[in-house]
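Fold and geometry: a report
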Amino acid sequence: MATDKENKISGDDSPKIGEPIPRGVVDTTATFAAVQSGADFDVQEEIGALRSELEVVRRQLANAAGAVKGGARQVARQTEGTVKLYPVSTLVTVAALAGAFAFAVAGLRTSPFRSHYDRTMDDLRELYERVRDRL
């Protein structure tokens, strides 16, 4: 680590690697990090700014929730209208979707899961029957 004398000679007043940085604001335009001075820092002003930001976020959240509710209501109304206008085609569509789902589930269940043990036992049974047939 450079001594104070070496820093003065080189003209380098920047902090060195490994030196502690105090908690506070890091000034990106300067070559040092420091705690913000008390004269420029007003706690009440900061709290007020944070409260106003919080209020903006609350309003945005309320607007987004309203939009979601409105969209859900509109979809429900459209679905009701479609069912009232086209009851037979809606019933056929629902039946087709249910049938497709049933076929998909049945397709998954056609080949039951067999463990390694079950496959080995089946192979041994087949081998035993082939040997018995030879005798």
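Everything that follows concerns the structure shown earlier in this document.
Below: a short report on this structure. (Residues numbered from 1 in each chain as written. Predicted model: local features only at pLDDT ≥ 70, side-chain atom pairs only at ≥ 80, totals over all residues. Heavy atoms only, no water.)

Our next topic: the overall build of the protein chain. Counting its regular elements, the protein chain contains four helices and two strands. Tracing the protein chain from N to C terminus, the helices and strands come up as α-β-β-α-α-α. Taken across its 135 residues, the protein chain has 2% of its residues classed as buried. Summed over its atoms, the accessible surface of the protein chain is roughly 12600 Å², and 62% of this surface lies on carbon and sulfur atoms. (Helix = DSSP H or I, 4+ residues; strand = E, 2+ residues; numbered from the N terminus. Buried < 20%, exposed > 50% of the residue type's maximum accessible area, 1.4 Å probe, protein only. Areas by Shrake-Rupley, 256 points an atom, 1.4 Å probe, with all protein chains shown as cover.)

What follows deals with the pattern of salt bridges. Applying the stated criterion to the full structure yields two salt bridges. A salt bridge links Arg58 to Glu55, with the shortest nitrogen-to-oxygen separation between them at 3.8 Å. Here the residue Arg58 and the residue Glu55 both occupy positions in helix α2 (residues 43-85), the gap between them amounting to three residues, near one helical turn. Relative accessible area serves as the criterion here: at 34%, Glu55 is assigned to the partly exposed category. The salt bridge partner of Asp122 is Arg125, with a shortest N-O separation of 3.0 Å. (Salt bridge = Lys/Arg side-chain N within 4 Å of Asp/Glu carboxyl O.)

Here the focus is a negative patch on the surface. On the surface, Asp123, Glu126, Glu129 and Asp133 cluster together to form a negatively charged patch. Mapped onto the secondary structure, Glu126 falls in helix α4 (residues 116-134). Relative accessible area serves as the criterion here: at 48%, Glu126 is assigned to the partly exposed category. (Patch = residues over 30% accessible without salt bridge, like charges linked within 9 Å, V, L, I, M, F, W, Y side chains within 5 Å. Lys, Arg positive; Asp, Glu negative; His and termini not counted. Charge placed at Lys NZ, Arg CZ, Asp CG, Glu CD.)

The next thing to look at is a nonpolar patch on the surface. Together, Leu124, Leu127, Val131 and Leu135 give the surface a local cluster of nonpolar side chains, amounting to about 430 Å² of exposed area. Classification of Leu124 as partly exposed rests on a relative accessible area of 48%.

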